[in-house]
Amino acid sequence: MKPLSRRDFLKVGGLAFLGTAGATALTQNNQNHRTEEPHKVHSSHVMQQGDHGDLPGTVGEVDHEKNGFDPTEILTDFDYGEVSTLPNGQTLREYRIVALNKNIEVLPGIEFPAWTYNGRIPGPTIRATEGDRIRIQFSNGSNHPHSIHFHGFHPGEMDGVPGTGPGGLVEPGGSFTYEFDAEPFGLHLYHCHVFPLARHIAKGLYGAFIVDPKEGRPAVDREMVMVMNGIDIDFDDANDFYAVNGIPFHYQNHPIQIRVGETIRIYLVNILEFDLLNSFHLHANFFHYYPTGTSLVPSEFTDTIIQGQAQRGILEFSYKYPGMYMFHAHVTEFAELGWNGMFEVMA
Amino acid sequence: MTQQISQPTTKRFTFRTLILLLIPIVLLAGVIALFLSTGGGLDLDSPAPVENLAVENYVLERNEIHLHVRNTGPEELTVATVIINEAIMPFTVTPDPTIPRLGSAEIHINYAWSEGEAYGITVFTSNAIPFAVDIPVAFETPQPSARTFWAFTLIGLYVGVIPVFLGIFWFPALRQLGRRTMTFLMAATAGLLIFLGLDTLAEALEVAAEVPSAFQGIGLIGIGAVATFLLLDAISRRQTAITGSETDRRLAVAMMIAIGIGFHNLGEGLAIGAAYNVGEIALGTFLVVGFIIQNITEGLGIIAPVLRDRPSLGRLALMGLIGGAPAILGAWIGGYTPSPFLAVLFLAIGTGAIFEVVYEIAKLIQKDTAREAMPMTVFSGVLTGMLLLWVTGLLIK
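All values derive from a computational prediction rather than experimental measurement.

Draft legend 1. Expanded view of the overall build of chain B. Of the regular secondary structure elements, chain B holds 12 helices and 9 strands. Burial statistics for chain B: of 397 residues in total, 43% are counted as buried. The long-range fraction of contacts in chain B, counting pairs at least 24 apart against all pairs at least 6 apart in sequence, stands at 82%.

Right, dumping it as structure tokens:
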């Protein structure tokens, strides 16, 4: 323990005076005035009354145009690829994905030197139907080796992991074509699998991969994709900000507009690095939850679910009443650091 | 012959001298320009910008937090995000979020903080470099008002003025003492002052760590302490040259002791005022009493050199005020505009002043011991003075 210096003593002594002889001089109506008995200090833990200050959030707007993407558009931007039919009658879906270094303005005034697929975070939402042939022409336009590792069935050399062949690690300037059949149906994801893995994911190399069942899912009025991510802006291997679809607080600043009674389906993916868990909580409502989307029968009717990294699931719900409704991580710390949004439900 | 030699050695500032003086400066400018334009063969571009933001102090008002920040980095920076206890908060910056080098700004956040709780604030610049400040105990920062003004005045009164005057009240009693005892008291005063000087220096070093690096706290201590020492020494020598009277000389030393102690008390007032502002508060009447006991020795120190003289009451009162009243001034400054920079400067001045006074006392003692050798008196006196503060400190802390 640090020995008390004369200065410490003076602080103590001087303030003792404030507490005693100076008591009359001190304001009696000052609610923060400290009395001489230390235990009274604890009894004065009072929340400030009246105006409760500002809510967490950001002021101003990031430059979506310069970023090259807008989370509001990402929400419903499903990439079905370039469609053709193979000689055997199988549907072929071709996609082009480029890995790019790109500065993304994640909060007004703060740029994150990201690594991206096609210049956006998350990368394009790849969508196909079970049994389709998927062909992804991947080229690496950055100055680090990268890959694409898909979750789902595929041969080992298409796994996008170093050591599994040329697709496991694509050098800067190089390219590789990943090709496999889309299965099983469900909600999956893809991400870079070059090491150090945590850094390659945290920098932004990930996206959602939706495989629809052959017969399709029951029709809904609106479908949305939400990829929950974190931003480690100072590279200390801990997230500083949290978000859905790349930009913290985006759906708080730009509420998602829906209507009373509309059926909503959300494809929810958690790719959050560094933190163990992420969660999704819907206000004033309950949703049917289909973990990994691999069954057409919901496993749960709830208002909060938890996902570890790479866990994902499909949510279905509709609103009974008009109003503004929050949705956010019920890891509330994440909510106040950016993972918070609003549904604006109109009559 | 002599004239012939002296002629060319006559120093005259000519146009030629000016040119000769300027040549190295012009060359230097050329080298710097070359270096800046070509990099001098070195790759000195930093991959990440170097930024430094010092949070000099914070002010808590109801539902509001204000941070006074200073850019102590090499280039301008922009405040981009403020996080309080793991929540991104909206904020405003006056005059501007972009702060020039060594410029300062105030960040305002509407935040419903709670009395007595702890807060951690992180300020991110636009280059995503975080700077943290802790609020260990949140409570409303005292604003300048008649009441707090009077409260700080009272603190200073207790910390500085009263103990010093109590010490001076020993004057009539101590006048009865013999020459040897008076020398002993002078030596004890020197001991007290050495202890106080070390303490002031240690405190200056401690506060220097809080000064933004661009202001070079340690260098500031050196400048403040050495300049004060030499200035007081020069004043003392000039006075000796003018009057020559030993009585006046002793009075001058007493006055200088008062000034040295005054600076010391100014530094302590600053510390107390600042401590009050950041909530480093612990309470106890016992400690105030102990504090008065310890500082009474300061008054004793002031009168020690003039015991054999007859200084006027007004003169004694003036010395008491000079020694004690700066504590009030310090409490005001520290309480309302705590600044580590000012604190270091004042503490450094205090250090220099106190050690110069020790030097003056040593000269006086030397005069006494020239008449009558009393080595043990000096030894025991100095040691007594130092032990007095050490032991009272031991009892109180």
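Anyway, onward from the coordinates.
Draft legend 2. Representation of the sheet that holds strand E12 (residues 241-244) of chain A within the structure. Residues and elements named next belong to chain A. Strands sit in the order E12-E11-E14-E19-E16-E17 across an open sheet of 6 strands; the sheet is mixed. Strands with a single pairing partner mark the edges of an open sheet, and in this sheet they are E12 and strand E17 (300-302). Between one strand axis and the next, the sheet turns through 25° on average, direction left out of account. In this structure, strand E11 (residues 222-231) lies alongside strand E14 (residues 264-270), joined through 7 bridges in parallel fashion. In the strand pairing of E14, Glu223 is matched with Arg265.

Draft legend 3. Expanded view of unusual backbone geometry. Cis peptide bonds are those with omega within 30 degrees of zero, and the linkage from Glu183 of chain A to Pro184 of chain A qualifies with -5°. Along the polypeptide, Pro184 of chain A turns up in the loop between strand E8 (175-181) and strand E9 (186-191). Look at Phe249 of chain A: it is not a glycine, yet its phi comes out positive at around 65°. Structurally, Phe249 of chain A is set in the loop between E12 and helix H6 (250-253). The phi torsion at Asn63 of chain B lies on the positive side, around 60°, for a residue other than glycine. Here Asn63 of chain B shows up in the loop between strand E1 (53-61) and strand E2 (64-71).

Draft legend 4. Representation of the packing of helix H5 (residues 179-208) of chain B against helix H11 (residues 340-371) of chain B. Residue and element names in this part refer to chain B. With their axes 8 Å apart at the nearest point, H5 and H11 run at an angle of 160° to one another. The angle between the axes of H5 and H11 places the two elements in the roughly antiparallel class. The two elements H5 and H11 meet at a crossing, and its hand is left-handed. Of the residues belonging to the contact of H5 with H11, the class tally is 23 nonpolar, 6 polar and 2 charged.

Draft legend 5. The environment of Gly323 of chain B, seen in detail. All names here are of chain B. Within the secondary structure, Gly323 is located in helix H9 (residues 313-324). Spatially, the C-alpha atom of Gly323 lies 9.0 Å from that of Phe165, the residues being 158 residues apart in sequence. In contact with Gly323, not counting residues within four places along its chain, are Val164, Ala258, Ile261, Gly262, Asn265, Glu298 and Ile302.

Draft legend 6. Local environment of the sheet that holds strand E7 (residues 149-150) of chain A. Residues and elements named next belong to chain A. As summarised here, the arrangement of the 5 strands in space is E1-E5-E10-E9-E7, forming an open sheet in which the pairing is mixed. The sheet terminates laterally at strand E1 (78-79) and E7, the two strands that pair on one side only. Pairing of E9 with strand E10 (residues 206-212), which is carried by 6 bridges, proceeds in the antiparallel orientation. By the bridge assignment for E10, Leu189 is matched with Ala208.

Draft legend 7. A look at the domain arrangement of chain B. Residue and element names in this part refer to chain B. One can read the domain layout of chain B as domain 1 (53-135) and domain 2 (146-396). Distance from the C-alpha centre of domain 1 to the C-alpha centre of domain 2: 38 Å. Facing the 6 residues of domain 1 at the interface are 5 residues of domain 2.

Draft legend 8. Spotlight on the packing of helix H3 (residues 146-168) of chain B against H9 of chain B. Residues and elements named next belong to chain B. In contact at an axis separation of 8 Å, H3 and H9 are set at 145° when each is read in the N-to-C sense. Crossing angle aside, the handedness with which H3 passes H9 is right-handed. Each of Gly160, Val161, Val164, Phe165 and Ile168 in H3 lies in contact with H9, whose residues at this interface are Leu316, Gly320, Gly323 and Gly324. Residues that form the contact of H3 with H9 fall into these classes: 5 nonpolar, 4 polar and no charged.

Draft legend 9. Looking closely at helix H10 (residues 326-336) of chain B. Of all 11 residues in H10 of chain B, 10 are buried; the element is thus mostly enclosed. Inspection of H10 of chain B places Pro326, Ala327, Ile328, Leu329, Gly330, Ala331, Trp332, Ile333, Gly334 and Gly335 of chain B among the buried residues, and these make up the whole buried set.

Draft legend 10. Inspection of the pairing of strand E8 (residues 119-125) of chain B at higher detail. Residues and elements named next belong to chain B. Sheet analysis places strand E3 (residues 77-84) next to E8, joined by 5 bridges and oriented antiparallel. Counterpart to Val79 in the pairing with E8 is Thr125. Summarising the sheet, E8 and strand E9 (residues 130-135) pair through 6 bridges and their orientation is antiparallel. Note on E9: the bridge partner recorded for Phe124 is Pro130. Taken together, E8 and the strand that follows it, E9, pair antiparallel across an intervening segment of 4 residues, in which Ala128 is found at a positive phi of about 65°.

Draft legend 11. Focus on the confidence of the model for chain B. Residues and elements named next belong to chain B. Residues at a pLDDT of 70 or more form 89% of chain B, whose mean pLDDT is 82. Residue range residues 280-284 is modelled with pLDDT below 50. Its contacts to residues more than four positions away, or to other chains, number 13 contacts. For this predicted complex, the interface confidence comes out at an ipTM of 0.75, alongside a pTM of 0.72.

So, how was this worked out
- Residues numbered from 1 in each chain as written.
- Chains lettered and ligands numbered in written order.
- Predicted model: local features only at pLDDT ≥ 70, side-chain atom pairs only at ≥ 80, totals over all residues.
- Helix = DSSP H or I, 4+ residues; strand = E, 2+ residues; numbered from the N terminus.
- Buried ≥ 20, exposed ≤ 12 C-beta atoms within 10 Å, placed from the backbone.
- Contact = placed C-beta atoms within 7 Å.
- Pairing = 2+ DSSP bridges.
- Axes fitted to C-alpha atoms, helices over the stretch in contact; angles between N-to-C directions.
- Parallel < 35°, antiparallel > 145°, perpendicular 65-115°, else oblique.
- Left-handed = near helix turned anticlockwise from the far one by under 90°.
- Nonpolar A, V, L, I, M, F, W, Y, C, P; charged D, E, K, R; others polar.
- Domains from an automatic or database assignment.
- pLDDT = per-residue confidence, 0-100.

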